[in-house]
Amino acid sequence: LSLHDALPICNVKWSYDMMKELKVVPYHLGNCSPLIVGDLLMICTSNGIDEEGKVPSPKAPSFIAVNKKTGKLAWQSNLPGAKIIEGQWSNPVVATVNGKQQVIFAGGDCVLYSFEPTKGELIWKCNCNPIPKKKEDREINPYIVATPVVAGDRLYVGLGIMPDHGATLSFSHFLCIDVTKKGDA
């Protein structure tokens, strides 16, 4: 049964198989809501870990831009590569800073990555993973599950773990980040 057979009332213009074309291995087959910026559709691929807790496809992209009219891949980023904690589910967000757009992707390594939307060039990144307060917390790293929200020149994001993780955190953080900077924070 193909996608076209399953949806006979829809007029599918194009489809893109990230697993086949990009060798993505999504964790729990989760995915984000797409974000449209101009003629590009931005999407998290949900590349993640396997049953043994390893990233089976570390070179596969975690974030891509696809031309919304043609379905052709415009650019891709494999950040964070093998550093994915579990998976990647957060929605990307667009911000206009000093008159220029940037697309912000919450990587599965608890790092926010900001890209120039048309070419995918990295503008800045910010490691959001807090330093564990207790020895037992060092085995459980929180990550970005929620969608970051941008208001003015500030980005707000909360950290946590997947609800059915089985472990609990004795701490977490809600962060406010200045999105006007460049480089690494």
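Residues numbered from 1 in each chain as written. Predicted model: local features only at pLDDT ≥ 70, side-chain atom pairs only at ≥ 80, totals over all residues. Heavy atoms only, no water.

1. Brief notes about the layout of surface pockets
Point 1. If you add up the space inside the largest pocket, you get close to 220 Å³.
Point 2. Lining the largest pocket we find Val97, Asn98, Lys100, Gln101, Gln102, Glu116, Ile123, Val179, Thr180, Lys181 and Lys182.
Point 3. Per element, the largest residue contribution to the lining of the largest pocket is three residues, and it comes from strand E6 (residues 100-106).
Point 4. For the lining of the largest pocket, the class distribution of residues is three nonpolar, four polar and four charged. (1 Å grid on protein atoms, 1.4 Å probe; cavity = no way out; pocket = protein on both sides within 12 Å on 5 of 7 lines; lining within 4 Å. Points joined across faces, edges and corners; volume = space filled by probe spheres on them. Helix = DSSP H or I, 4+ residues; strand = E, 2+ residues; numbered from the N terminus. Nonpolar A, V, L, I, M, F, W, Y, C, P; charged D, E, K, R; others polar.)

2. Overview of the nonpolar core
Point 1. Core analysis: the largest hydrophobic core is formed by 23 residues, its most contacted members being Ile104, Leu112, Cys128, Ile144 and Leu155.
Point 2. Sorting the residues of this core by element identifies strand E5 (93-97), E6, strand E8 (122-127), strand E9 (143-144) and strand E11 (154-160) as the ones contributing at least two each.
Point 3. Excluding anything up to four places from it in sequence, Cys128 contacts Cys110, Val111, Leu112, Ile144, Leu159, Leu175 and Ile177.
Point 4. Core analysis: the second largest hydrophobic core is formed by 22 residues, Ala65, Val66, Val103 and Tyr113 among them. (Core = buried A, V, L, I, M, F, W, Y, C linked by side-chain atoms within 4.5 Å. Buried < 20%, exposed > 50% of the residue type's maximum accessible area, 1.4 Å probe, protein only. Contact = heavy atoms within 4.5 Å.)

3. Some remarks on a nonpolar patch on the surface
Point 1. Side chains of Val149, Tyr156 and Phe174 sit close together on the surface and give an oily, nonpolar patch of about 310 Å² of accessible area.
Point 2. On the secondary structure map, Val149 appears in strand E10 (residues 149-151).
Point 3. Accessibility expressed as a relative area gives 48% for Val149, which makes it partly exposed. (Patch = residues over 30% accessible without salt bridge, like charges linked within 9 Å, V, L, I, M, F, W, Y side chains within 5 Å. Areas by Shrake-Rupley, 256 points an atom, 1.4 Å probe, with all protein chains shown as cover. Salt bridge = Lys/Arg side-chain N within 4 Å of Asp/Glu carboxyl O.)

4. So, the confidence of the model for the chain
Point 1. Per-residue pLDDT for the chain has a mean of 86; in total, 82% of the residues score no lower than 70.
Point 2. Within the chain, strand E4 (residues 73-77) carries the highest mean pLDDT (98), whereas helix H1 (residues 3-6) carries the lowest (58). (pLDDT = per-residue confidence, 0-100.)

5. Considering the sheet that holds E6
To summarise the sheet geometry, strands pair through backbone hydrogen bonds and adopt either a parallel or an antiparallel arrangement.
Point 1. Pairing is mixed across the open sheet formed by five strands, whose spatial order is E5-E6-E7-E8-E13. Because the sheet does not close on itself, it has two edges, and the strands there are E5 and strand E13 (183-184).
Point 2. As paired strands, E5 and E6 are joined by five bridges and run antiparallel to one another. Across the sheet, residue Val97 finds its bridge partner in E6, namely Lys100. (Pairing = 2+ DSSP bridges.)

6. A short note on the sheet that holds strand E1 (residues 35-37)
Point 1. Spatially, the four strands line up as an open sheet ordered E1-E2-E3-E4, and their pairing is antiparallel. Unpaired on one side and paired on the other, E1 and E4 mark the two borders of the sheet. The sheet shows a mean angle of 20 degrees between the axes of neighbouring strands, direction not considered.
Point 2. Here strand E3 (residues 63-67) runs beside E4; their pairing, made up of four bridges, is antiparallel. If you follow Ala65 over to E4, its bridge partner there is Trp75. (Axes fitted to C-alpha atoms, helices over the stretch in contact; angles between N-to-C directions.)

7. Focus: the side chain of Ser62
Point 1. Structurally, the position occupied by Ser62 is in the loop between strand E2 (40-44) and E3.
Point 2. The class for Ser62 is buried, based on a relative accessible area of 0%.
Point 3. A polar atom in the side chain of Ser62 sits 2.9 Å from the side chain of Gln88.
Point 4. Among residues more than four places away in sequence, those in contact with Ser62 are Ile43, Cys44, Thr45, Ser46, Asn47, Ser77, Asn78, Leu79, Pro80, Ile84, Gln88 and Phe105. (Polar contact = N/O pair within 3.5 Å; in protein donor to acceptor, adjacent residues only side chain to side chain.)

8. Re the side chain of Ser77
Point 1. Relative to the assigned elements, Ser77 resides in strand E4.
Point 2. A residue is classified by how much of its surface remains accessible, and Ser77, at 8% relative accessible area, is buried.
Point 3. Apart from the residues within four sequence positions on either side, Ser77 is in contact with Pro61, Ser62, Phe63 and Phe115.

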